[in-house]
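The chain contents come next:
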Amino acid sequence: MAKSNDKLTGVQKAAILFITLGPDASSKIIKKLPETDIQKITYEIANITAVKSEQRKDILNEFIEINKARDYLKEGGIEYARDVLSKALGPQRAMEILEKVTEATQQYRPFAIARKADAHQLLNVICNEHPQTIALILCYMQPEKAGQIMSALPEELQSEVAFRIANLSNISPMVIKEIEKVLDSKLSMVVRADTTIIGGIQTLVDILNRVDRTTEKNITEGLEREDEELAEKIRQSMFVFEDIISLDDISIQRVLREVETKDLALALKGVSEEVATAIFRNQSKRAAASLKEDIEFLGPVRLMDVEKSQQKIVGVIRRLDETGEIVISRGGEDAIIV
């Protein structure tokens with residue numbers, strides 16, 4: 001590999017590889033990658049203006065070498081792969097290639113193909129499985145996809161699956177392998193095993209933050225009936241639109257600067273007077289009067305549209321909280337502001 005390529009990240013190398021392979025071959029490969037990887041690679045491709053022929057050749061050779069190393073590992077194990085690669089590339093280069101392959105293998109997550117599958121298709125495959133099985137699979141899905149699937153489950157199953165997600169911790173690799181075999185036969189794909197700590201409260205919160213409000217309410221109420229203490233921990237880790245009254249005025253004003261007027265008007269349809277007052281008092285008299293007119297002008301609206309706008313605003317609040325621009329009080333020591 002040329003020294004200039006040693007400074008490139010894996011994503012940058014992948015971008016150059018796809019440019020080298022051309023659009024037809026690249027499109028067949030890239031569509032099989034996780035969405036997050038696709039976004040990173042396409043961003044790099046868009047920002048590459050020129051690639052030297054020698055650089056393309058080196059990266060293509062590395063790609064071929066790594067795939068050969070994977071084949072040798074499958075065929076005869078690490079020692080066999082090291083011997084064959086050492087004879088072909090030399091001991092030092094063989095070790096470099098094997099380290100890259102080993103690192104990639106260690107980062108492999110179970111249910112990788114399911115993570116790439118369409119949420120609706122995956123739902124059809126797992127909807128009749130045991131709630132514990134569904135919970136395990138959702139723990140490995142992207143939060144957005146897991147939220148879509150959770151929202152589509154029957155109401156009586158939603159809280160059951162949520163309860164099991166929150167209480168998952170260490171899972172036996174053998175259990176994961178058995179569940180992977182089921183998906184393997186149904187999806188007609190090979191899924192590899194992995195060991196990791198999954199599930200827990202944060203995993204469930206990440207999922208609930210992306211479901212619709214009706215699903216969120218159904219799950220939290222179901223959890224409360226099942227385990228009141230657990231439900232309270234979940235609630236403390238979440239932020240819903242009505243919780244905007246817990247923010248200080250400066251934080252509310254910061255949030256309002258990020259929110260479009262049409263979304264704010266929709267979000268305030270049917271809310272409590274306390275919530276509406278918290279918004280209006282953090283606007284100028286003219287802006288508050290205009291907002292009230294916009295709300296009245298809307299007339300009857302669908303509940304799902306109201307919830308969608310509320311979720312947009314909650315998304316803004318959570319983003320500002322994550323960047324430290326505002327502080328969401330969640331009780332206990334976290335509630336102390338100095």
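What comes next concerns the included structure. (Residues numbered from 1 in each chain as written. Predicted model: local features only at pLDDT ≥ 70, side-chain atom pairs only at ≥ 80, totals over all residues. Heavy atoms only, no water.)

Looking now at the overall build of the protein chain. If you tally the helices and strands in the protein chain, you get 20 helices and 0 strands. Across the 338 residues of the protein chain, 40% fall into the buried class. Sequence separation of at least 24 residues holds for 74% of the intrachain contacts in the protein chain that already meet a minimum separation of 6. Working note: accessible area of the protein chain is about 19800 Å², and carbon and sulfur atoms make up 51% of it. (Helix = DSSP H or I, 4+ residues; strand = E, 2+ residues; numbered from the N terminus. Buried < 20%, exposed > 50% of the residue type's maximum accessible area, 1.4 Å probe, protein only. Contact = heavy atoms within 4.5 Å. Areas by Shrake-Rupley, 256 points an atom, 1.4 Å probe, with all protein chains shown as cover.)

Taken as a whole and judged by the stated rule, the model has 9 salt bridges. A salt bridge links E160 to R164, with the shortest nitrogen-to-oxygen separation between them at 2.8 Å. Here E160 pairs with R164, and both are found in helix α11 (residues 155-166), just 4 residues apart, close to one helical turn. A relative accessible area of 22% means that R164 is categorised as partly exposed. With a closest N to O distance of 3.9 Å, K262 and E260 form a salt bridge. Look at E260 and you get partly exposed, because its relative accessible area is 48%. (Salt bridge = Lys/Arg side-chain N within 4 Å of Asp/Glu carboxyl O.)

According to the stated counting rule, one finds 0 aromatic pairs in the structure shown. The lysine or arginine in question, K292, covers the ring of F280, its NZ or CZ lying 4.8 Å from the ring centre. (Phe/Tyr/Trp six-rings, centres within 6.5 Å; stacked < 30°, edge-to-face > 60°. Lys NZ or Arg CZ within 6 Å of the ring centre and 35° of its normal.)

Relative to the 16 Å expected for 12 residues at 1.5 Å per residue, α11 spans 17 Å between its end C-alpha atoms, a close match to the ideal helical length. Regarding α11, the residues found buried are L157, Q158, S159, V161, A162, I165 and A166. (Expected span 1.5 Å × (residues − 1).)

On to the environment of I219. Mapped onto the elements of the fold, I219 is located in helix α14 (residues 213-226). Taking relative accessible area as the criterion, I219 reaches 0% and is therefore assigned buried. Through-space distance from the C-alpha of I219 to that of F163 is 8.5 Å; in sequence the pair is 56 residues apart. Not counting chain neighbours up to four residues away, the residues in contact with I219 comprise M150, Q158, S159, A162 and L208.

A separate point is the side chain of Q158. Tracing the chain through its elements places Q158 in helix α11. Leaving out residues up to four positions away in the same chain, Q158 has contacts with M150, S151, L153, T215, N218 and I219.

What follows covers the nonpolar core. L138 and M150 are the most contacted members of the largest nonpolar core, which totals 39 residues. Listing elements by their share of this core, those giving two or more residues are α8 (119-126), α9 (131-139), α10 (143-152), α11, α12 (173-187), α13 (201-208), α14 and α15 (228-237). Here this core takes 6 residues from α9, the largest share from any one element. Apart from residues lying up to four places away in sequence, L138 is in contact with I126, A146, I149, M150, V161, I165 and I207. With 28 residues, the next largest nonpolar core counts F241, A267, A276 and L320 among its residues. (Core = buried A, V, L, I, M, F, W, Y, C linked by side-chain atoms within 4.5 Å.)

Time to look at helix α16 (residues 249-256). Because an α-helix packs 3.6 residues into every turn, residues spaced three or four apart end up facing the same way. Taken together, the buried positions of α16 are occupied by S251, I252, R254, V255 and L256. Here the buried face of α16 lies against α17 (261-267), α18 (273-280) and α20 (303-322). The N-cap of α16, judged by a side-chain oxygen 3.1 Å from the amide nitrogen of I250 a few residues on, is D248. (Polar contact = N/O pair within 3.5 Å; in protein donor to acceptor, adjacent residues only side chain to side chain.)

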